[in-house]
Amino acid sequence: MKYKIFTYGCQANEHDSERIAYILEKLGYTATDDEKEADFIAYNTCLIRENAELKVYGHLGAIKKLKREKPEMILAVCGCMMQTGPARDVIKEKYSHVDIIFGTGNIDKLPELISLHKTTNQIVVDVDSYIDLDNGYIRAHDFTAYVNIMTGCDNFCTYCIVPYARGREKSRPINEIVQEVKNLANRGYKEITLLGQNVNSYGKDLGHTFPELLYALDAEVKNLDILRFMTSHPKDLSDELIEAMSKIDMIAKHFHLPLQSGSTKVLKEMNRKYSSDDYKLLVRKLRDKMPDICLTTDIIVGFAGESEQDHLDTIELCKEVEFDSAFTFIYSPRPGTPAANREDQIPEEIKSRRFQELLDAIYPIFNKKNKAELGKTHKVIVESVSKNNDEMLSGRTFSNKLIHFKGNKELIGEVVNVKVTSHTSFTLEGEIID
Ligand code: 5AD
Ligand code: SF4
């Protein structure tokens, strides 16, 4: 029996797919890349922006033919979209070839859901729980792993659907996380990424803080090369965290700090709870303690009510801060979120124009930042053979920049020293040195 999982969205979903794969393999399934030979197909969905959702519907429509030809194949849809009633209703009404719907909180129940479907031959829907803290799952790679430290989000940014889909914040106990990271490091994992929607507020529900977790990991885990975390929220970025990050060697000197907008007015309307000055101060503090820190961000263009001046404020802030890289998004009103009901939505053509203006402003900065890396030597974790060239390997610097270099594929999973020899705005190129 074979399975194939299609994963949309963020690292939380990627990790959930690893967990689903683990369960399927315990049930005797093996992975395949070819959906035509799969006996079980899962779509692990994302709903953060409208196009993420449309992609899933498109793929579900396209798979209908295969399901008709092979009715015994089990088709499951899971992930964030299935945590919302309207998306579930669309699946039940328009995509009746789907056999199982489950949520982010009940991945562990998959074996039961499969057997229930097999015995009843009815659609099985189970999405009740939000609690999905994991333990002991296999990972897609054997050198780098995600570890959930918390689930959910309490922030309710007015554009964002995540708190409705993944529920309230819930942290895992420190000792459980430490044990899991220790086990992974002992099994030879070199890089661990701690995952949560807002890791900076980790532990609030347990009377702990995120820096406490980092110090506990530093004290207990001896044989790990790189510890990463994501995502952060500027409102919860404490001086203690900056201190911990600068002191603990194994923590990657990379901070992903979503800005969203450079206008204090827009930030207020987004319910972000910081001003553009607060943000700039945090950047100064980070760079004071760690001058070489790599700083990346998320920016939303065209939020409801965004004026031309607000947009220019975002561009101005980007020019001042000089991010190493950024994920940029056009605002997508998500039904059920407060901002989607606003009447002052920005027309699509203005959003696209502003989006292009933002890219025109930030790409030269990324280029300048990468140029400054020329001649420097970085420790790099080798990830894979390069997508575009068989003779090249791809990896990430400890500061999280993508870098390509010549090398034998046996180096995948190893840490090597690479000297930067050339660059584009988005990647570095280099050569391995001893
Ligand atoms: N429209 C556009 N971008 C969004 N994001 C979250 N919700 C939306 C939305 N409705 C972006 C934010 C967040 C990233 C993961 O996705 O920038 O940080
Ligand atoms: Fe969404 Fe804001 Fe929570 Fe991030 S912090 S998941 S943007 S509500």
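Model, not experiment: these values are computed from the prediction.

**Side note on the site of ligand 1**
Neighbouring ligand 1 are Ile 48, Arg 49, Tyr 159, Gln 260, Asp 298, Ile 300, Phe 329, Ile 330, Tyr 331, Ser 332 and Arg 334. Between ligand 1 and the protein, one listed contact pairs an oxygen atom with a side-chain N or O atom of Arg 49 at 2.9 Å. For ligand 1, whose free accessible area comes to 400 Å², the fraction covered by protein is 87%. If you list the elements that add at least two residues to the shell around ligand 1, you get β13 (294-301) and β14 (325-330). The class makeup of the residues in the shell around ligand 1 is 6 nonpolar, 2 polar and 3 charged.

**A closer look at the pattern of salt bridges**
Across all of its chains, the model carries 31 salt bridges by this definition. Residue Arg 168 is joined to Asp 154 by a salt bridge in which the shortest nitrogen-to-oxygen separation is 3.5 Å. In this pair, Arg 168 is assigned in the loop between α6 (162-166) and β9 (170-171) and Asp 154 in the loop between β8 (150-151) and α6, connecting sequence segments 14 residues apart. Lys 235 serves as the salt-bridge partner of Asp 236, at 2.8 Å between the closest nitrogen and oxygen. Residue classification places Asp 236 among the buried positions, given a relative accessible area of 16%. Taken together, the shared-partner salt bridges connect Glu 306, Glu 308, Arg 353, Arg 354 and Glu 357 into one network.

**Some points on the nonpolar core**
Counting residues in hydrophobic clusters, the biggest one holds 57 residues, and the most contacted among them are Ile 192, Leu 194, Phe 210 and Phe 255. When residues are assigned to domains, this core turns out to be shared by domain 2 (141-252) and domain 3 (255-372), each giving three or more. In this structure Ile 192 touches Ala 145, Val 147, Val 181, Leu 184, Leu 224, Ile 226, Leu 227 and Arg 228, once residues within four positions along its chain are discounted. Formed by 27 residues, the second largest nonpolar core is a distinct cluster that contains Ile 41, Cys 80, Ala 87 and Val 98.

**Here's the deal with the pairing of strand β11 (residues 226-230)**
Burial analysis of β11 places 5 of its 5 residues in the buried class, the great majority of the element. Burial of the side chains of β11 extends over both faces: Ile 226, Arg 228 and Met 230 are buried on one face and Leu 227 and Phe 229 on the other. Where strand β10 (residues 191-195) meets β11, 5 bridges bridge the pair, whose relative direction is parallel. Note on β11: the bridge partner recorded for Ile 192 is Leu 227. One crossover worth recording links β10 to the parallel β11 by way of helix α8 (residues 210-220), and it is right-handed.

**Re the site of ligand 2**
In the vicinity of ligand 2, the residues found are Cys 153, Asn 155, Phe 156, Cys 157, Tyr 159, Cys 160, Val 162, Pro 163, Gln 197, His 233 and Arg 272. Tallied by class, the residues present in the shell around ligand 2 amount to 7 nonpolar, 3 polar and 1 charged.

**A few points about the domain arrangement of the chain**
Domain annotation of the chain identifies domain 1 (2-126), domain 2 (141-252), domain 3 (255-372) and domain 4 (377-433). For domain 2 versus domain 4, the separation of C-alpha centres amounts to 26 Å. Opposite the 7 residues of domain 2 that make contact, domain 4 presents 12 residues. Summed over both sides, the interface between domain 2 and domain 4 buries roughly 730 Å², with carbon and sulfur atoms accounting for 64% of that surface. On the domain 2 side of the contact with domain 4, Phe 143, Lys 190 and Arg 228 bury the most area, a combined 61% of that side's loss. Taken together, the links from domain 2 to domain 4 amount to 1 salt bridge. Of the residues assigned to the side of domain 2 that touches domain 4, the class counts are 3 nonpolar, no polar and 4 charged.

**Re the sheet that holds β13**
Strands in a sheet are paired, the pairing made by backbone hydrogen bonds, and the direction either parallel or antiparallel. The strand order across the open sheet built from 3 strands is β12-β13-β14, with neighbouring strands paired in parallel fashion. The open sheet is flanked by β12 (254-256) and β14, the only strands paired with a single partner. Looking at each pair of strands side by side, their axes are set apart by 10° on average, direction ignored. Here β13 runs beside β14; their pairing, made up of 6 bridges, is parallel.

**Quick look at the side chain of Ser 332**
Note on placement: Ser 332 falls in the loop between β14 and α13 (348-371). Within the structure, the side chain of Ser 332 is placed 2.8 Å from the backbone nitrogen of Glu 50, a separation counted as a polar contact. Leaving out residues up to four positions away in the same chain, Ser 332 has contacts with Arg 49 and Glu 50.

**Re α8**
Among all positions of α8, only Phe 210, Pro 211, Leu 213, Leu 214 and Leu 217 are buried. Buried residues of α8, viewed axially, fall in a sector of 155°; they line one side.

**Details of the sheet that holds β11**
In space, the 3 strands of this open sheet follow the order β7-β10-β11, with parallel pairing throughout. Where the open sheet ends on each side, the last strands, each with one partner, are β7 (144-148) and β11. Averaged over neighbouring strand pairs, the angle between their axes works out to 20° when direction is ignored. Here helix α1 (residues 11-26) sits on the sheet in contact with β7, β10 and β11, set at roughly 100° to β7. Its contacts with the sheet place helix α7 (residues 174-186) against β7 and β10, and it is angled at close to 170° to β7.

**Focus: the packing of aromatic side chains**
Within a pair of aromatic rings, the relevant descriptors are the distance that separates the centres and the angle that separates the planes. Throughout the structure, instances matching the rule amount to 13 aromatic pairs. With centroids separated by 4.9 Å and ring planes inclined at 10°, the aromatic side chains of Phe 6 and Tyr 43 adopt a geometry described as stacked. With Phe 6 in strand β1 (residues 2-7) and Tyr 43 in strand β3 (residues 40-45), this residue pair connects regions lying 37 residues apart in the sequence. Look at Tyr 274 and Tyr 279: their rings are 6.2 Å apart centre to centre, the planes differ by 40°, and that puts the pair in the tilted class. Members of the aromatic cluster, joined through ring pairs, are Tyr 159, Phe 303 and Tyr 331. For Lys 4, the ring lying beneath its charged end belongs to Phe 6, and the centroid distance is 4.9 Å.

Calculation rules
- Residues numbered from 1 in each chain as written.
- Chains lettered and ligands numbered in written order.
- Predicted model: local features only at pLDDT ≥ 70, side-chain atom pairs only at ≥ 80, totals over all residues.
- Heavy atoms only, no water.
- Near = heavy atom within 4 Å.
- Polar contact = N/O pair within 3.5 Å; in protein donor to acceptor, adjacent residues only side chain to side chain.
- Areas by Shrake-Rupley, 256 points an atom, 1.4 Å probe, with all protein chains shown as cover.
- Helix = DSSP H or I, 4+ residues; strand = E, 2+ residues; numbered from the N terminus.
- Nonpolar A, V, L, I, M, F, W, Y, C, P; charged D, E, K, R; others polar.
- Salt bridge = Lys/Arg side-chain N within 4 Å of Asp/Glu carboxyl O.
- Buried < 20%, exposed > 50% of the residue type's maximum accessible area, 1.4 Å probe, protein only.
- Core = buried A, V, L, I, M, F, W, Y, C linked by side-chain atoms within 4.5 Å.
- Domains from an automatic or database assignment.
- Contact = heavy atoms within 4.5 Å.
- Pairing = 2+ DSSP bridges.
- Right-handed = clockwise from strand over helix to strand, strands pointing away.
- Buried area = accessible area lost by both parts, 1.4 Å probe.
- Axes fitted to C-alpha atoms, helices over the stretch in contact; angles between N-to-C directions.
- Arc of directions from axis to C-beta.
- Phe/Tyr/Trp six-rings, centres within 6.5 Å; stacked < 30°, edge-to-face > 60°.
- Lys NZ or Arg CZ within 6 Å of the ring centre and 35° of its normal.

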